[in-house]
Amino acid sequence: MANILSGQTVQTLDKNGQEIKSVGFQRFGFDCEVSLDILRSLYLRSHYVLSAPESQVQELDAKEEEGHGYLTQGPNAYQSKSIFHPETHSISYTTLSRFAPVKLLPPSSRKRVLVTGGAGFVGSHLVDRLMLLGHEVTVLDNFFTGSKTTVSHWVGHPNFELVRHDVVEPFMIECDQIYHLACPASPPHYQFNAVKTIKTSFMGTLNMLGLAKRTKARFLISSTSEVYGDPEVHPQPEDYWGHVNPIGPRACYDEGKRVAETLTYGFHRQDGVDVRVARIFNTYGPRMNPHDGRVVSNFIVQALRGEDMTVYGDGKQTRSFQYIHDLIDGLIALMNSDETRPVNIGNGDEFSIGEFAELVREIVEKVQEEDGVKLERRVQIIYKPIPTDDPQKRRPDTTRAKNSLGWQPRWSVRMGLEEMVRYYKAKILEGSM
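Residues numbered from 1 in each chain as written. Predicted model: local features only at pLDDT ≥ 70, side-chain atom pairs only at ≥ 80, totals over all residues. Heavy atoms only, no water.

(A) Molecular detail of empty space enclosed by the protein. Counted according to the given criterion, the structure contains two cavities of 30 Å³ or more. The computed volume of the second largest cavity comes to approximately 30 Å³. Around the second largest cavity, the lining residues are H180, A182, C183, T200, S201, T205, I221, K257 and A260. If you list the elements that add at least two residues to the lining of the second largest cavity, you get α6 (194-215) and α7 (251-271). (1 Å grid on protein atoms, 1.4 Å probe; cavity = no way out; pocket = protein on both sides within 12 Å on 5 of 7 lines; lining within 4 Å. Points joined across faces, edges and corners; volume = space filled by probe spheres on them. Helix = DSSP H or I, 4+ residues; strand = E, 2+ residues; numbered from the N terminus.)

What follows is the structure, given as structure tokens:
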């Protein structure tokens with residue numbers, strides 16, 4: 001660890017063994033390439049620092065560097081200097097000393113972008129990218145599943161505005177692009193209030209499409225692989241209509257997104273609204289809610305805490321997992337392309353849930369060994385009954401994304417998991433999880 005903290009560069013390699021130094025691309029007349037180090041500085045370092053006792057609050061605890069600082073080698077000038085007092089479990093917040101540098105764009109290139117659900121997991125990473133690119137970003141969120149802390153590092157920036165608002169109610173603003181991400185996406189959250197979930201999918205989409213029609217903004221809706229239900233076709237291409245239970249416990253989300261797509265294409269055909277539909281497959285990365293019941297966060301948190309890892313069913317059901325940076329690349333590429341058909345955005349690397357649990361356990365053990373943590377015992381994998389309507393197979397056919405957008409995933413599952421393990425480990429160390 002000492003040699004890392006003294007300046008040795010940590011390399012991030014893609015699926016082909018090439019080093020990843022930036023994310024994004026220059027395509028469709030839209031430059032969305034940003035430095036990976038700058039981007040990581042916004043989420044891989046803590047919102048506050050672990051301090052020594054009250055008498056030594058000026059000293060930075062080495063744990064903060066070992067956790068959040070492992071993969072970010074330089075840009076720590078853009079971090080808050082808030083202090084965490086372990087003895088009283090309290091935080092002394094302060095504002096940022098300096099914002100991360102954003103591109104200075106001419107007015108002709110600067111977009112006014114509205115992101116609904118922008119304080120959520122996916123939304124906050126999209127906001128980071130759009131802000132670093134120099135665009136004006138307005139975030140709309142009711143904070144049901146999102147958190148203000150995911151975008152707090154931009155509050156006060158002249159290009160940024162955060163509005164607490166529920167998309168079920170109309171909202172008026174002038175904008176050029178609308179990324180409509182607002183909707184609970186994990187089973188515990190969307191099943192908590194099924195009627196509200198359907199209402200958000202339909203009324204929220206109706207309101208945002210109405211706004212796009214009035215302002216002539218381009219509209220992108222984040223749909224989901226759940227529109228395919230428990231598929232009978234594998235892998236799933238965009239022209240597959242799906243196999244969905246319309247009255248099951250997951251139907252509020254599955255059918256909500258299906259009707260949202262119907263509404264989107266209704267506005268496109270009837271009113272000429274410029275629309276994009278992204279069908280997002282399983283995505284993971286930093287800022288995922290550790291308590292939202294998703295398989296990646298469940299496995300990592302259980303393993304880091306030394307608890308047995310829970311697999312539902314026999315572990316033979318399969319999933320494909322994409323890293324958050326690949327998804328953001330795909331969303332921005334789709335928004336700025338001319339593709340109006342639905343597009344699958346996901347990773348074709350397929351794992352059985354049992355295999356994935358073993359991979360997570362291996363990576364957690366690797367990280368703990370590197371950090372000098374001795375394990376009392378090896379975490380075990382235990383099996384429990386499978387939930388109702390849980391799909392057996394889920395893997396995207398991304399041919400359309402490759403052909404129309406020139407997009408394909410760059411991050412290997414292993415590399416993304418290691419970054420996410422370090423994020424959660426640092427969150428546990430700093431006491432915020």
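Here the narrative resumes.
(B) Inspection of the packing of helix α10 (residues 353-370) against helix α12 (residues 413-429) at higher detail. Two numbers describe how α10 lies on α12: the axes approach to 10 Å, and their chain directions differ by 55 degrees. Of the possible angle classes, the one that applies to α10 and α12 is oblique. Considering how the two elements wind past one another, α10 and α12 form a crossing that is right-handed. Side by side, α10 and α12 meet where F356, L359, V360, E362, I363, V364, K366, V367 and E370 of the first sit next to V413, R414, L417, E418, V421, R422 and K425 of the second. (Axes fitted to C-alpha atoms, helices over the stretch in contact; angles between N-to-C directions. Parallel < 35°, antiparallel > 145°, perpendicular 65-115°, else oblique. Left-handed = near helix turned anticlockwise from the far one by under 90°. Contact = heavy atoms within 4.5 Å.)

(C) Seen up close, the pattern of salt bridges. Evaluated as defined, the whole model comprises 23 salt bridges. As a salt-bridge pair, R218 and D274 come within 2.8 Å of each other at their nearest N and O atoms. With R218 in strand β12 (residues 218-224) and D274 in the loop between α7 and β13 (275-280), this residue pair connects regions lying 56 residues apart in the sequence. Residue D274 is classed as partly exposed on the basis of its relative accessible area, which comes to 28%. Measuring nitrogen to oxygen at the nearest pair gives 3.0 Å for the salt bridge that ties K366 to E418. Separated by 52 residues along the polypeptide, K366 in helix α10 and E418 in helix α12 bring together distant segments of the chain. Members of the salt-bridge network, linked through shared partners, are K366, E370, E418 and R422. (Salt bridge = Lys/Arg side-chain N within 4 Å of Asp/Glu carboxyl O. Buried < 20%, exposed > 50% of the residue type's maximum accessible area, 1.4 Å probe, protein only.)

None of this, on its own, says anything about what the molecule does.
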